Amino acid sequence: MSTTKASEAAPDKGLPLGMDATMVDEYASQSKLLQEFVKIPSFGKAWIFNSKDENTSKAVVSIGQSDLLANKRRKFLLNSHISKSASKSVDFQWSPFPTEISGVSAVIPSPSGEKLLLVRNSEDDSPTKLEIWGPCQLENEIHIAKSVHGSLYTDEWFEGISWNQEETFIAYVAEEPPQPKPVFNDYGFKKEGSSEKDCKSWKGQGDWEETWGETYSKKRIPALFVVNISSGEVRPVKGIPRSLSVGQVIWAPSSSYGLVFVAWSSDNGFQDTPRKLGIKYCYNRPCALYAAPDPFREEADITSTEGNKGETTTMIKLTVDLSSAFFPRFSPDGKYLVFVSAKSAVDSGSHNATNSMHRIEWPTDGKLDGSLGVADVVPVVMCPKDNCFPGLYCFGLLRDPWLSDGQSMILSSVWGSREVILSVNVVSCEVLRVSPQDSDYSWNVLALDKNNILAVSSSLITLPQIYYGIKVSQTEKHWEWQEVSTPFPELSDEINSILAEHRFSILKIPISNPSDKLADGAKLPFEAIFVSHKDSASNPTIVVLHGGPHSVYPSSYSKSLAFLFSQGYNLLLVNYRGSLGFGEEALQSLPGNIGSQDVNDVLTALDLVVKRGLIDPSRVAVVGGSHGGFLTTHLIGQAPDTFVAAAARNPVCNLSLMVGTTDIPDWCFIEIYGKEGKKYFSESPSVDDLCQFHKKSPISHISKVKTPTLFLLGAQDLRVPVSNGLQYARALKERGIESKTIVFPEDIHGIDKPQSDFESFLNIGVWFKKHLSK
């Protein structure tokens, strides 16, 4: 008898913990296919360098590729010679091989393109290295000790690395040098401090300092510095209080105040108490533009702008009456300082909202001796008319975004479920969509070649492809787009076949039973993107939900989603009301109504594709992360018979637990109470608040859940701490509901380390195969 039992148990011997023996072959086959998707390179930034010949220029494109074994992203630079003919055709001649740039945190060309800055941030106590390259040689290598400053910020939010026009100085943002810590030895506290090499003493921790939360767990104070690239001397910009965190620095064209930058106050907690609330993806943190002198200039030249005779000032606030100002850019003639504002997000409390754009007329004499008027360029769009501009949703600007007229700025934005390229004339305030009007693909600008645009376009079923947009003439307002061949390797026959076999469409979803209390913009249809196999309408369907909630699923290519539909699933990506790209009234209709309006929108979208006969309603699964995980776990509780399987990545499951542990407790108040939540926000929620948080949370519906659910959690997540998902998963097990939990020890909210991302989506694929194949 014992021999028989041993024999029966043998197939499971040696299987990884939690591995279902019946799914081993599925793990193997899906893993092989997922690796095919993972190894496909992706486009990053691009730069174009003009030459003396009007018809030629050079492009440099950064390429990224996941290295699963090393668990990191590798970066490459690919060069191309661009030739333009009289017939307006363009030819790209690529270098045969890319150049890998290992250990490089940032690549910043100088304004002329004749110099290149490479930033090498250290991970330990070794110096930060700044390398200044010329056309054929390393011109200078500057080592900056930790006692001067820590790592440079290269995150595209605080990041500000800027050459001056003469290419003699570089301004940048870096972590301020560490503050002294208490030193102890055999006799107790050492008053005079200690040498680093004193082996008979040790350093204590000292007072804990706030950080800027998720992804900034080791960053405290971003500070401003300038380096002389010839001498290597580094000077801090003086006069900026430690209560301000700086970023996005640029050089002013003419002013005693040589630097313009953004600053965020750490006093943004409840009732302006000192508290650095999480800033990643949170555009609702108040910020302003400031000007400060270049520390290498003679400070004697700087006179007071505050009316204090005989005194000097080191900093001036440029946007006194605006609650938000960032992404500053000077027009080529130096006449205007243009910037983006998220005042709608700051004023409402929503972590993201519809942006606006503004300009300041920069004084021709460079003297900032009075109030600078702020003019509107692109206002917030409340309720867009059908198919018209829905408002500005801007996540970044090119360092040099200007066409040759010196007034038109090219940028990427969101328009419904598409990413688009816009031209904004900062003088006439005209906004034009310059990417193809009739395209459901998503488009993003990479670089400008005078009046022409280098862009990347993709769709959910089409890999990213570079295009070159040629402006037809100075008078006409449209571009002709030419596909640019790249030396990327050919895809495997299997991947080519999978992509070719699928199609996608953007569906308009009418609101079900709109209330009279809703604003007009909130009564407009929202959108969903439907991906399906061309020859089969009976495939199982996965409902895919974005986080935020104020973000969007665009129609652009996604490796992870391509992997999911490659397994034989339809995908339904729902951009429920509250998503970006549909106007401010639709977005602001969600705060105060999460867990009901967004849930109903998802079910309305699902009902529409069922009624159209596009899917089989008996085989539907759901997946989402963060707020998408909030919706996932709400749906399996509120509609327990609708979904046969679910997967949640770092889901918000219990707001009453999250509010005391997250880096964004204000988010809980705003999304539960709406704009009024700004008044209620506190680090010590009342019992009534906690009851309301629980009532609006998925865990309040857990007794109705029947759906097998997979949880994927990052142990270092500061946004939705791991305790949220673990509590819900344990509660499911307590009720006998099938669940599986994978915790990634070193990962944060995005679970985006290459190995973790791979294992996460592999398990989602296998989990859905197991339950949707029944």
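Residues numbered from 1 in each chain as written. Predicted model: local features only at pLDDT ≥ 70, side-chain atom pairs only at ≥ 80, totals over all residues. Heavy atoms only, no water.

Our next topic: the sheet that holds strand E27 (residues 431–433). Ordered in space as E25-E26-E27, the three strands form an open sheet in which the pairing is antiparallel. Each having just a single partner strand, strand E25 (408–415) and E27 make up the two edges of the open sheet. Across the sheet, the mean angle separating the axes of adjacent strands is 35° when strand polarity is ignored. The pairing of E25 with strand E26 (residues 418–425) spans eight bridges and is antiparallel. Considered in E26, the bridge of Leu 411 is made with Leu 422. (Pairing = 2+ DSSP bridges. Helix = DSSP H or I, 4+ residues; strand = E, 2+ residues; numbered from the N terminus. Axes fitted to C-alpha atoms, helices over the stretch in contact; angles between N-to-C directions.)

Right, let's get into the nonpolar core. Counting 75 residues, the largest nonpolar core has Phe 261, Leu 318 and Met 357 as the members making the most contacts within it. Counting 55 residues, the second largest nonpolar core, distinct from the first, contains Cys 668, Ile 702, Leu 713 and Tyr 728. (Core = buried A, V, L, I, M, F, W, Y, C linked by side-chain atoms within 4.5 Å. Buried < 20%, exposed > 50% of the residue type's maximum accessible area, 1.4 Å probe, protein only.)

What follows deals with the UniProt feature "domain: Peptidase S9 prolyl oligopeptidase catalytic" (unreviewed entry) in the protein chain. In the numbering adopted here, UniProt assigns the feature "domain: Peptidase S9 prolyl oligopeptidase catalytic" (unreviewed entry) to residues 556–773. Taken end to end, residues 556–773 is 45% helix and 13% strand, and its two terminal C-alpha atoms sit 28 Å from one another. (UniProt positions renumbered as here; feature names shortened; annotations may be inferred.)

As a further point, take unusual backbone geometry. Here the residue pair Gly 548 and Pro 549 is connected by a cis peptide bond, since its omega of 10° sits within 30 degrees of zero. Note on placement: Pro 549 falls in the loop between strand E34 (541–545) and helix H5 (559–566). The backbone of Cys 429 sits at a positive phi, close to 70°, despite the residue not being glycine. Along the polypeptide, Cys 429 turns up in the loop between E26 and E27.

With that settled, the discussion passes to the pairing of E26. Most of E26 sits out of view: eight of its eight residues are buried. Here E26 shows a buried face lined by Arg 418, Val 420, Leu 422 and Val 424 and a second buried face lined by Glu 419, Ile 421, Ser 423 and Asn 425. A loop of two residues connects E25 with E26, the two strands running antiparallel in sequence, and Gly 416 in this loop sits at a positive phi of about 65°. For E26 and E27, the ladder comprises three bridges, and the chain directions are antiparallel. Each residue of the ladder has a partner; that of Leu 422, found in E27, is Arg 433. Hairpin connection of E26 to E27: five residues between the antiparallel strands, including Cys 429 at a positive phi of 70°.

Moving on to the pairing of strand E37 (residues 645–649). Residues in a regular strand project their side chains so that they alternate between the two faces of the sheet. Among the five residues in E37, five count as buried, and that is most of the element. Neither face of E37 is left uncovered, since the one carrying Ala 645, Ala 647 and Arg 649 and the one carrying Ala 646 and Ala 648 both have all their residues buried. Bridge count for strand E36 (residues 620–625) against E37 is five bridges, and the pairing is parallel. Residue pairing in the sheet places Val 622 in a bridge with Ala 646 of E37. For the crossover from E36 across helix H8 (residues 627–638) to E37, the handedness is right-handed. (Right-handed = clockwise from strand over helix to strand, strands pointing away.)

The next point concerns the sheet that holds strand E7 (residues 116–120). Spatial ordering of the open sheet is given by E6-E7-E8-E9, a layout of four strands whose pairing is antiparallel. Both edges of this open sheet fall to strand E6 (106–109) and strand E9 (138–144), since each of them pairs with a single strand only. The sheet shows a mean angle of 15° between the axes of neighbouring strands, taken without regard to direction.

It is worth spelling out the state of the cysteines at this point. Each disulfide is one covalent bond, formed between the sulfur atoms of two cysteines. Across all of its chains, the model carries zero disulfides by this definition. Considering cysteine sulfurs only, Cys 282 is the nearest to Cys 287, which forms no disulfide, with 12 Å between them. With no disulfide of its own, Cys 668 has Cys 282 as its nearest cysteine by sulfur position, at a separation of 11 Å. On the basis of relative accessible area, Cys 668 is assigned to the buried category, the value being 0%. (Disulfide = S-S within 2.5 Å.)

A few words on the pattern of salt bridges. Under the criterion given, the structure shown has 28 salt bridges. Ionic pairing is found between Glu 527 and Lys 508, a salt bridge with its closest N-O pair at 3.0 Å. Residue Glu 527 is located in strand E33 (residues 526–533), and its partner Lys 508 is located in strand E32 (residues 502–509); the two are separated by 19 residues in the primary sequence. Looking at Glu 527, the relative accessible area reads 2%, which means it is buried. Look at Lys 508 and you get partly exposed, because its relative accessible area is 43%. For Lys 679, the salt bridge goes to Glu 676, with nearest N and O atoms at 3.1 Å. Accessibility expressed as a relative area gives 58% for Lys 679, which makes it exposed. (Salt bridge = Lys/Arg side-chain N within 4 Å of Asp/Glu carboxyl O.)

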